[in-house]
Amino acid sequence: MLRTMASRVLDDNDRDEVLAILDADPVSNVFVASRVRAVGLSPARLGGQMWGFGPRGGLTSLCYAGANLVPVNAGAEAVHAFAERARKQGRRCSSIVGPSDAVEPLWERLEPYWGAARAIRWTQPVMEATEPSPVPADPLVRRVRPEEFEILLPACVAMFTEEVGISPEVGDGGALYRSRVAELIRIGRSYARIDDGRVVFKAEIGAVTPQACQIQGVWVHPELRGRGHAVAGMASVLKHSLECFAPVVSLYVNDYNAPARAAYRRAGFREVGTFMSVLF
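Residues numbered from 1 in each chain as written. Predicted model: local features only at pLDDT ≥ 70, side-chain atom pairs only at ≥ 80, totals over all residues. Heavy atoms only, no water.

Identification of the chain as DUF4081 domain-containing protein from Streptosporangium jomthongense is taken from an unreviewed UniProt entry.

Laid out in structure tokens, this is it:
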């Protein structure tokens, strides 16, 4: 039986190598890269560990092991090594997410030990845009103000519950989720159209690096769907993102969400890859 090299926990001494790997695919790796650039590789600051495959000076693959388990540039041997570490450590994450060609074999190795997932999103197209939308942007979509937190929060909870299948208020009463929503508002990465105290459209910029940023949490009020708010709203968020954050704007979406995929395409996004998510 072929003996595979073990993975190891990385630290700030590995930062340059880690960023070189992450920056080789800035769209797929935007979430992990944004975390590393913001706080480094110390587990205490990172909120988890960064696993590496390959010796110092010869790293080839990574795996972020925090609230999410995210493989990066992971071939077959790296997937095996990361699965072994994850199996021995036990499940500490709420999801596995990343390129489908790494997540699928990683999950195949972990499922016998971790048990059934709550849900699996087998195919999630990754989309990107590098130019302003060809359709008019909604001029009423703007940055959410801190005093509008309580107006925005129910829309965020509704989006999360609809998308993930479980309320973000389960467990800690929503404290962590409320904190994240408030933080995105505070740093100017939460956008919405709010008419007479009602959220019509909303989206957040969840991750940012110098190379790319990632839109998340796109939501239109259920009573107002089918009226073009998603397309015009995304055109607005795309415009702001290109002007304020990064030259490439990305997102990923469930393959079965045909209306969302169509709206993103109309807003100027194109499919460039495929993610997969395993939800616990």
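Having seen it, we continue.
## A look at the UniProt feature "domain: N-acetyltransferase" (unreviewed entry) in the chain
Listed under "domain: N-acetyltransferase" (unreviewed entry) in the UniProt record, and renumbered for this structure, are residues 139–280. Structurally, residues 139–280 is divided into 38% helix and 29% strand, and its ends, taken at the C-alpha atoms, are 38 Å apart. (UniProt positions renumbered as here; feature names shortened; annotations may be inferred. Helix = DSSP H or I, 4+ residues; strand = E, 2+ residues; numbered from the N terminus.)

## A look at the pairing of strand β12 (residues 270–279)
The sheet contact formed by strand β5 (residues 95–99) and β12 spans 5 bridges and is antiparallel. Within β12, the residue paired with Gly98 across the bridge is Met276. By the bridge criterion, 8 bridges tie strand β6 (residues 119–129) to β12 in an arrangement that is antiparallel. Each bridged residue has a counterpart across the sheet, and for Glu128 the counterpart in β12 is Arg270. (Pairing = 2+ DSSP bridges.)

## Overview of the pattern of salt bridges
Between side chains of opposite charge, a pair can form as their charged atoms come close. Counted by the stated rule, this structure contains 20 salt bridges. As a salt-bridge pair, Glu147 and Arg145 come within 3.4 Å of each other at their nearest N and O atoms. Judged by relative accessible area, Arg145 falls into the partly exposed class, the value being 39%. Residue Arg186 is joined to Glu183 by a salt bridge in which the shortest nitrogen-to-oxygen separation is 2.9 Å. Of this pair, Arg186 and Glu183 are both found in helix α7 (residues 175–186), 3 residues apart, which corresponds to roughly one turn of the helix. Its relative accessible area of 58% is what places Arg186 among the exposed residues. For Glu183, a relative accessible area of 30% gives the class partly exposed. Within this structure, Arg8, Asp11, Asp14 and Arg56 form a network of salt bridges that share partners. (Salt bridge = Lys/Arg side-chain N within 4 Å of Asp/Glu carboxyl O. Buried < 20%, exposed > 50% of the residue type's maximum accessible area, 1.4 Å probe, protein only.)

## Here's the deal with the packing of helix α4 (residues 76–89) against helix α5 (residues 100–114)
At a minimum axis separation of 9 Å, α4 and α5 run at an interaxial angle of 30 degrees. Regarding the angle of α4 to α5, the classification is roughly parallel. Here the hand of the crossing between α4 and α5 comes out right-handed. Two secondary-structure elements touch here, α4 through Val79, His80, Phe82, Ala83, Ala86 and Arg87 and α5 through Ala102, Pro105, Leu106, Arg109, Leu110, Tyr113 and Trp114. Within the contact of α4 with α5, the residues separate by chemical class into 10 nonpolar, 1 polar and 2 charged. (Axes fitted to C-alpha atoms, helices over the stretch in contact; angles between N-to-C directions. Parallel < 35°, antiparallel > 145°, perpendicular 65-115°, else oblique. Left-handed = near helix turned anticlockwise from the far one by under 90°. Contact = heavy atoms within 4.5 Å. Nonpolar A, V, L, I, M, F, W, Y, C, P; charged D, E, K, R; others polar.)

## Quick look at the packing of aromatic side chains
Scanning the model with the defined rule gives 7 aromatic pairs in all. Aromatic side chains Trp51 and Phe82 sit 6.4 Å apart centroid to centroid with 35 degrees between the ring planes, which places their arrangement in the tilted category. Of the two residues, Trp51 is situated in strand β2 (residues 49–53) and Phe82 in helix α4; the sequence distance between them amounts to 31 residues. For Trp51, a relative accessible area of 0% puts it in the buried group. Of the residues examined, Phe82 reaches a relative accessible area of 1% and is grouped as buried. Members of the aromatic cluster, connected to one another through ring pairs, are Trp107, Trp114 and Phe280. The ring of Trp51 carries Arg85 above its face, with NZ or CZ at 5.9 Å from the centroid. Positioned over the ring face of Tyr113 is Arg87, at 5.1 Å from the centre of the ring. (Phe/Tyr/Trp six-rings, centres within 6.5 Å; stacked < 30°, edge-to-face > 60°. Lys NZ or Arg CZ within 6 Å of the ring centre and 35° of its normal.)

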